[in-house]
Amino acid sequence: MSDRAGAPRLRSDISIVEQVYRGETSYVVKDHAAQKYFRFGSTEVRVMRACDGTRTPAEIAAFLAQDGLRISAGAVESFARTLTNAGFLERDLGERTTLQIERLRAERRERHRPALFRGELLRMRWSFGDPDELLARTMPKLEWMFTRWFVVGSLVAFVVYLALLTARWNEFSAALVSTYSFHNITFANILVLWVTGAVVILVHELGHGYACKHFGGEVHELGFMLIYFQPAFYCNVSDAWSFPERRARLWVTAAGGWIQLVMASVAAIVWWGAVPGTFVANVAVATMLVGGASTLLTNANPLLPLDGYFALTDWMEIPNLRLRALAHFRWWMRRTLLRLEEPEPAATWRERRVFLIYGALGTAYISGLFVFLVFLLVGWARGAFGVIGGVTTALLLAMLLRKRIAGWARAIVLAVRARRDALRRMRRPARIALVIAALILLLVPWTLTSSGSFVVGSVDARAVSAADSGVVGQLFVGEGMRVEAGTPLVRVINRELERSALAASRTVDSLAVAESAARSAGRAGDASRLAAERAEAEGTLAGIDRRLADLTLRATAPGVVLTPHAEELLGRRVSAGDTLLTLAAADSVELRIALAGAGATRVRAGQVVHAISFADLDTPWSAQVADVATSGVSRALGGGVVEVRVRRPIGDAWRPGAVGEASVELARSNVLGALWWNARQLLRVDLLL
């Protein structure tokens, strides 16, 4: 309500806070009722303060002119209408009644058709209510946390935390593996992790809230959210924007991570002193895992609307940096790429540079993350519930994103219309060139391939094992040597067995002499007994001789020696069954190709493969896929998704251990299809599905 008719009056609950940054003065206007914040320049604020309900727009213009600010009465009246629409000016009884009725109608519609969540799909929020009164009531008991001594104590705790983590990293890693590895995790451990994580994250958000209260702000919203489909809590501390000092705003942003790291530090000390495997130790490990430095680094990512982003916004003092930067980058993309004529969003020269850089990085990061999450969800639904589950999930996501999809569709339609008009104005040579380019993309054939590295392996590898214990005395072959069947390879010396053979030989000789003497003396019975003993001794000697002969290991079939540094076997003591050498087929080897990319899982036996060995780049080789291991991983190449095996004759450039590159032909397409295929290989969509 105004004191005079036509005299605008600023609402009494509107606060104006002066802020100075880089020598420039600006003002934050806070609407306490709507909990909204606006930034104005000094000229606008002088006009707002002159709206005291005693002056008409003409009188306000005259009053400001006396104060050195020349502005027309029409400009003042136009600005007053803007303030009225924003709800900054007092209204008469009729206007307030109308607004109250509209507000009640809106609340009634919301009760009948409540929204599933507040915010956007990637930041869904559900409010717990207004915690301001609770925070104000408990704030006096926590003021000690905002003293210099608490800061110093926290820094000491951080140092202790890092020292413990560095000194006992192996123990901490072992605790994580024993508690949360796939084979050891239990329902109780999962419950402890989730409950502990919820408490740590809630304390993190309360840290923001209490810091805001400490510096004189208000906190009117606390709740649960799903940020990029990950559970979290949130605390609305937008009132920090009304703080005159940037230091206070930065402390509000840092308070959550600070208290979270304090909890992790205390948990590290508890874990150090607790008995491993107990409930206390498990809670401490969970607290360190959720509240540790790695989580803080993730939370500090300025491309996500988390603490890092708000700290960047406070430091640069650019309000709504994310929304304004993304809007400015969308405008730049439409004007530059789509050739659409749209007005440029208002921004200073410094803000334009910041908006383009942040907008480009944020758009690329969020788009990539969103595409990954969409394919992950659809792939999970398809794997769990089949095609119907995947289609249902895709339709649900499309329904939630219907407004954004509609915006994309409108932009595409406008771009097509703009391009069509541009084609009409295009000269004839340019049209011909465009048609030729389209024909090349559509008609020129191209082969779709899946490429990867390979390592040459042996085929039909056979182990040569020691037949008896002993010491390796002789080695007749070396690495890479070709051998024929029956070729001696290794001789093992067993001195005890040799002594047994000598003793058995002497026994046979003595028994033969004794038998001959008995026959000469006519003692037939003694001669028969001695003959039987001699036959038994000769059998024992024959067995020992066979064991001695088996100590010389021979090749059972033609092959190639694969054992590296075989000469190191000399003098080594071995036991029966120990593997001494490895032989492989002498005439062929096997190429083991580790494939990655969108087409890796589409490789089938019989498809054509082209390979080139790094040992002979001038001689490529082609064959057909012999075998595909859909879950194989080539350890020799340090990874891979699908292992393809191809057999070929051995050669100088194709010996076991040789490496190279190979590609498998998947299908025939055109140039356009090949370009799309290469783009898909970067996303690995088929593996997600």
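Report follows, based on the coordinates. Keep in mind that this is a model prediction, so the values were computed, not measured. (Residues numbered from 1 in each chain as written. Predicted model: local features only at pLDDT ≥ 70, side-chain atom pairs only at ≥ 80, totals over all residues. Heavy atoms only, no water.)

Pairing within the open sheet is antiparallel, and its four strands lie in the order 9-16-14-11. Each edge of the open sheet carries a strand with a single partner, namely strand 9 (462-465) and strand 11 (482-483). Summarising the sheet, strand 9 and strand 16 (residues 579-584) pair through four bridges and their orientation is antiparallel. The partner of Val464 across the bridge, within strand 16, is Leu581. (Pairing = 2+ DSSP bridges. Helix = DSSP H or I, 4+ residues; strand = E, 2+ residues; numbered from the N terminus.)

The tally for this structure, following the rule as stated, stands at 14 aromatic pairs. A ring pair is formed by Trp169 and Phe172, whose centres lie 5.8 Å apart and whose planes are at 45°; its orientation type is tilted. In this pair, Trp169 and Phe172 both sit in helix 7 (residues 169-180), three residues apart, roughly one turn of the helix. Taken together, a centroid distance of 6.3 Å and an interplanar angle of 50° make the contact between Phe215 and Phe243 tilted. On the criterion of sequence distance, the pair formed by Phe215 in the loop between helix 8 (187-214) and strand 6 (222-227) and Phe243 in the loop between strand 7 (230-235) and helix 9 (246-273) is long-range, its members being 28 residues apart. You can call Phe215 partly exposed: its relative accessible area is 26%. (Phe/Tyr/Trp six-rings, centres within 6.5 Å; stacked < 30°, edge-to-face > 60°. Buried < 20%, exposed > 50% of the residue type's maximum accessible area, 1.4 Å probe, protein only.)

Before going further, it helps to spend a moment on the state of the cysteines. Scanning the model with the defined rule gives zero disulfides in all. The structure places no disulfide on Cys212, whose sulfur is separated from the nearest cysteine sulfur, that of Cys235, by 7.6 Å. Here Cys212 falls in the buried class, since its relative accessible area comes to 0%. (Disulfide = S-S within 2.5 Å.)

Once that is clear, we can look at the nonpolar core. If you look at the biggest cluster of nonpolar residues, it comprises 29 residues, and the most contacted ones within it are Val483, Leu489, Val490, Leu580, Leu581 and Leu583. Looking at this core, the elements with two or more residues in it are strand 12 (488-493), helix 17 (495-520), helix 18 (524-550) and strand 16. Broken down by element, this core gets its largest block of residues, six residues, from helix 17. Filtering out sequence-adjacent residues up to four positions away, Val490 remains in contact with Val472, Gln474, Leu475, Phe476, Leu551, Thr552, Leu553, Leu580 and Leu581. (Core = buried A, V, L, I, M, F, W, Y, C linked by side-chain atoms within 4.5 Å. Contact = heavy atoms within 4.5 Å.)

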